[in-house]
Amino acid sequence: HVADLGALVRDVVENARAAHPDRGIEADVPVEGRVVVDVDPDRITQVTVLLVDNALTHAPGAAVRVTVAEVDDHVELVVVDGGPGLDEEHAAQVFTRFFRSDGSRARGTGGSGLGLAIAQSIVTAHGGTIDLVTAPGEGCAFTVRLPTA
């Protein structure tokens, strides 16, 4: 499958804005041309939704920005939030199944702890990588790297 990652991200951000009109959710994607990747568009949409939902849940009130850029031989999709960030110990575990930084499994406080593990699994299956840059008080920046088509 070939998909335009920019168009996919714009759709996810528009849906997130509709669901959360009180939040600052922005997309920064190339306007000219397509950012083409060889992926299952439904699965990469799922990854994007999981990352945006994660930011909306764990960075309450903070702005969320989703960017797409072509870098050398890959495409980067980055979801950044202005939330509280994570310490090194918690950041090292975010892709572990069932991990929750607050220890809770309640839906009201963020869910099962599976979203980021699922996102990582999908990205890996597409030949890509996902990582997190964060620090306490610095927010979170999740970067997905996918091979170009």
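Report follows, based on the coordinates. (Residues numbered from 1 in each chain as written. Predicted model: local features only at pLDDT ≥ 70, side-chain atom pairs only at ≥ 80, totals over all residues. Heavy atoms only, no water.)

### A few points about the overall build of the protein
Part 1: Secondary structure summary: the protein contains four helices and seven strands in total.
Part 2: Overall, the protein shows an N-to-C arrangement of helices and strands of β-α-β-β-α-β-β-α-α-β-β.
Part 3: Per-residue burial over the protein gives 41% buried out of 149 residues.
Part 4: Of the contacts formed within the protein by residues at least 6 apart in sequence, a portion of 64% connects residues at least 24 apart. (Helix = DSSP H or I, 4+ residues; strand = E, 2+ residues; numbered from the N terminus. Buried < 20%, exposed > 50% of the residue type's maximum accessible area, 1.4 Å probe, protein only. Contact = heavy atoms within 4.5 Å.)

### Points about the nonpolar core
Nonpolar side chains tend toward joint burial in soluble globular proteins.
Part 1: Counting residues in each nonpolar core, the largest one holds 38 residues, and the members touching the most others are Leu5, Val9, Leu51, Phe142 and Val144.
Part 2: Breaking this core down by element, the ones donating at least two residues are helix H1 (5–19), helix H2 (41–58), strand S4 (64–71), strand S5 (74–81), helix H4 (115–125), strand S6 (129–134) and strand S7 (140–147).
Part 3: Beyond its immediate chain neighbours, meaning those up to four positions away, Val9 contacts Ala27, Val29, Thr48, Val66, Val68 and Leu77. (Core = buried A, V, L, I, M, F, W, Y, C linked by side-chain atoms within 4.5 Å.)

### A few points about the pattern of salt bridges
Part 1: Taken as a whole, this structure holds three salt bridges when the rule is applied.
Part 2: Among the ionic pairs, Arg17 bridges to Glu26, the shortest N-O distance being 3.6 Å.
Part 3: The partly exposed category is assigned to Glu26, whose relative accessible area is 38%.
Part 4: Note that Arg145 and Asp131 form a salt bridge whose closest N and O atoms lie 2.7 Å from each other. Taken together, the positions of Arg145 in strand S7 and Asp131 in strand S6 put the pair 14 residues apart, joining distant regions of the chain.
Part 5: Linked through salt bridges whose partners overlap, the residues forming this network are Glu76, Asp131 and Arg145. (Salt bridge = Lys/Arg side-chain N within 4 Å of Asp/Glu carboxyl O.)

### Thoughts on unusual backbone geometry
Part 1: Backbone geometry at Asp72 places phi at a positive 50°, although glycine is not the residue there.
Part 2: Within the fold, Asp72 resides in the loop between S4 and S5.
Part 3: The class for Asp72 is exposed, based on a relative accessible area of 76%.

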